[in-house]
Amino acid sequence: MRYLIETYGCQLNKAESDALEILLRGRGIEKTEDPRQADAVILNTCSVRKTAENRIWGRLGFYSAEKRKHGTMIIVTGCMAERLKEDLKKEAPYVDAVIGTNDKASIPDFILSGKTGASDHYSFQSSYYQEGAYSSYVPIMNGCNNFCSYCIVPYVRGREVSRPVEDVIREIRYLDDRCVREITLLGQNVNSYASEYEGKPVDFPTLLEIIVPYMHNIEFVRFESPHPKDFSDHLIDVIASERRVSKHIHLPMQSGSTRILSLMNRKNTRESFIALIDKMRERIPGLTFSTDVMVGFPSETEEEYEETLSMMEKMGCTEAFMYYFNPREGTRAAGMDGQIADDVKIRRLERLIDEQLMRQKRIKEGMLPFKSRVIVTGLSRDDEGMYLGRSEHNDYFAFTSASELSEGMMADVYADELSGNTFRGHRVE
Ligand code: SF4
């Protein structure tokens, strides 16, 4: 029995696919990349953008033809399976099973026996680790209570659920024993984590304090995505004081205008966001930022768009994920007055991207020359004899080394040049 899996969307979906692969392997179902060899195809889908859903409809068309030729079983899971369950059954009757996010763990059973589970709650898997990898996701939360007006996540993933502390510790120890170098704690609203341990409440910074002592081989701990409204002083102190907690923080801005942030239901203002990034910079030496930012939200004026541009300059990110507003059916923002024309949204996005690319080049050139500790991520395909690496700040490096290195080793690199987005240099022996 062989399966093929395609994964779309966020890191949590990717982590859930990794966990599903462990379950499938445990049941003797082997992986293939070849659709003609696959007895079952699993599409782990995303609903965040319409384009992602359109792409999946296209893949379903492709696999329906495979099914006619080879009898392939087709399983759709993930957020699109939650959002469009009935539509999928009607529009794509050749799909064998539409399995919601809570029931992903029942997929091996369905492949082997045709039975699906139907759970009313989300369960975390015991591990999300891909054997041999130097990096791993560690989901600690699922769902979201925030209902940002443009976002489909609370509707498809439900309310926030936190993974028990004991389970997180167990997985951290498992990963550390396997010499994993980098972990990313995941949750849609990761810093509203709430659980308990040894009879006491545990919030997100406390969880970091509990798990860091278990790390001997793990060098970098990242987390995504925090919400600015839940970014406490305690969290800032823990980032500043724990060496292993990455000093590169992904902090979604979304907009630089207080009025637009309010329409987005983000629960922070331009002023509170600026105060937060100033405080973080002051207390965390060497801090760098990345962000998510969106332009063209309904009724956004040119002045409000300019406020986003100025806040991007103020934040000074070394990387940014930039989008224009894309209405998602079923969210409040999709029905708001003042929808912006596509050509305006595209123009606003293009300038945002141009400015950000120039800014990150300027910031990175300003860092040269410097020394950085990196995880070796492999050998360069383009530059013979050069190794590739990635630092705590998520900067990419290409470098020479007098001695042989392998993936997952740590190396100190002296960088004296920037090429595109990659620092170039040599290993300091
Ligand atoms: S915080 Fe907002 S954007 Fe993030 S998942 Fe929740 S609703 Fe969506």
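From a predicted model like this one, the values you see are computed outputs, not experimental measurements.

Rules used throughout
- Residues numbered from 1 in each chain as written.
- Predicted model: local features only at pLDDT ≥ 70, side-chain atom pairs only at ≥ 80, totals over all residues.
- Pairing = 2+ DSSP bridges.
- Helix = DSSP H or I, 4+ residues; strand = E, 2+ residues; numbered from the N terminus.
- Buried ≥ 20, exposed ≤ 12 C-beta atoms within 10 Å, placed from the backbone.
- Expected span 1.5 Å × (residues − 1).
- Arc of directions from axis to C-beta.
- Contact = placed C-beta atoms within 7 Å.
- Domains from an automatic or database assignment.
- Nonpolar A, V, L, I, M, F, W, Y, C, P; charged D, E, K, R; others polar.
- Axes fitted to C-alpha atoms, helices over the stretch in contact; angles between N-to-C directions.

1. Overview of the pairing of strand S20 (residues 422-427)
Taken together, the five bridges between strand S18 (residues 396-400) and S20 define a ladder with parallel strand orientation. For threonine 400, the partnering residue across the bridge sits in S20 and is histidine 426. Across six bridges, strand S19 (residues 410-419) lies against S20 in antiparallel orientation. Note that in S20 the partner of tyrosine 414 across the bridge is histidine 426. Connecting S19 to the antiparallel partner S20 that follows it, the hairpin turn spans two residues, and glycine 420 within it adopts a positive phi of roughly 65°.

2. Focus: the environment of leucine 112
Positionally, leucine 112 belongs in helix H5 (residues 107-113). Looking at leucine 112, the number of C-beta atoms within 10 Å reads 14, which means it is partly exposed. Considered as a pair, leucine 112 and glycine 28 are 84 residues apart in the sequence and their alpha carbons are 9.9 Å apart.

3. Points about helix H2 (residues 50-70)
Given a rise of 1.5 Å per residue, 21 residues ought to cover 30 Å, and the 30 Å separating the end C-alpha atoms of H2 matches this to within 8%. Every buried residue of H2 is accounted for by Glu53, Ile56, Leu60 and Tyr63. Within H2, the buried residues cover an arc of 80° as seen down the axis, which keeps them to one side. Those residues of H2 that are exposed and angled more than 90 degrees off the buried face are Thr51, Asn54, Gly58, Gly61, Phe62, Ala65, Arg68 and Lys69. The secondary structure elements touched by the buried residues of H2 are strand S3 (40-45), strand S4 (73-78) and helix H3 (79-83).

4. A look at the domain arrangement of the protein chain
On domain assignment, one finds that the protein chain holds domain 1 (2-113), domain 2 (135-366) and domain 3 (368-427). Each of domain 1 and domain 2 has a C-alpha centre, and these two points are 28 Å apart. If you look at the interface, domain 1 gives 12 residues, while domain 2 gives 11 residues. Among the elements of the structure, helix H1 (11-26) and H3 are those that each provide at least two residues to the side of domain 1 that touches domain 2. Its residues assigned to classes, the side of domain 1 that touches domain 2 shows four nonpolar, three polar and five charged.

5. What about helix H7 (residues 165-177)?
Between its first and last C-alpha atoms H7 spans 18 Å; for 13 residues at 1.5 Å apiece the expected length is 18 Å, and the two agree. The complete set of buried residues in H7 reads Val165, Val168, Glu171, Ile172 and Leu175. Looking down the long axis of H7, one finds its buried residues gathered within 130° of arc, a one-sided arrangement. Of the residues in H7, the exposed ones pointing more than 90 degrees away from the buried face are Glu166 and Asp177.

6. Looking at the sheet that holds strand S17 (residues 387-391)
Across a sheet, strands are paired by hydrogen bonds formed along the backbone, either parallel or antiparallel in direction. Pairing within the closed barrel is mixed, and its five strands lie in the order S16-S17-S18-S20-S19. Strand-to-strand, the axes of this sheet are offset by a mean angle of 50°, without reference to chain direction. Summarising the sheet, S17 and S18 pair through four bridges and their orientation is antiparallel. Paired with leucine 388 across the strands is alanine 398, a residue of S18.

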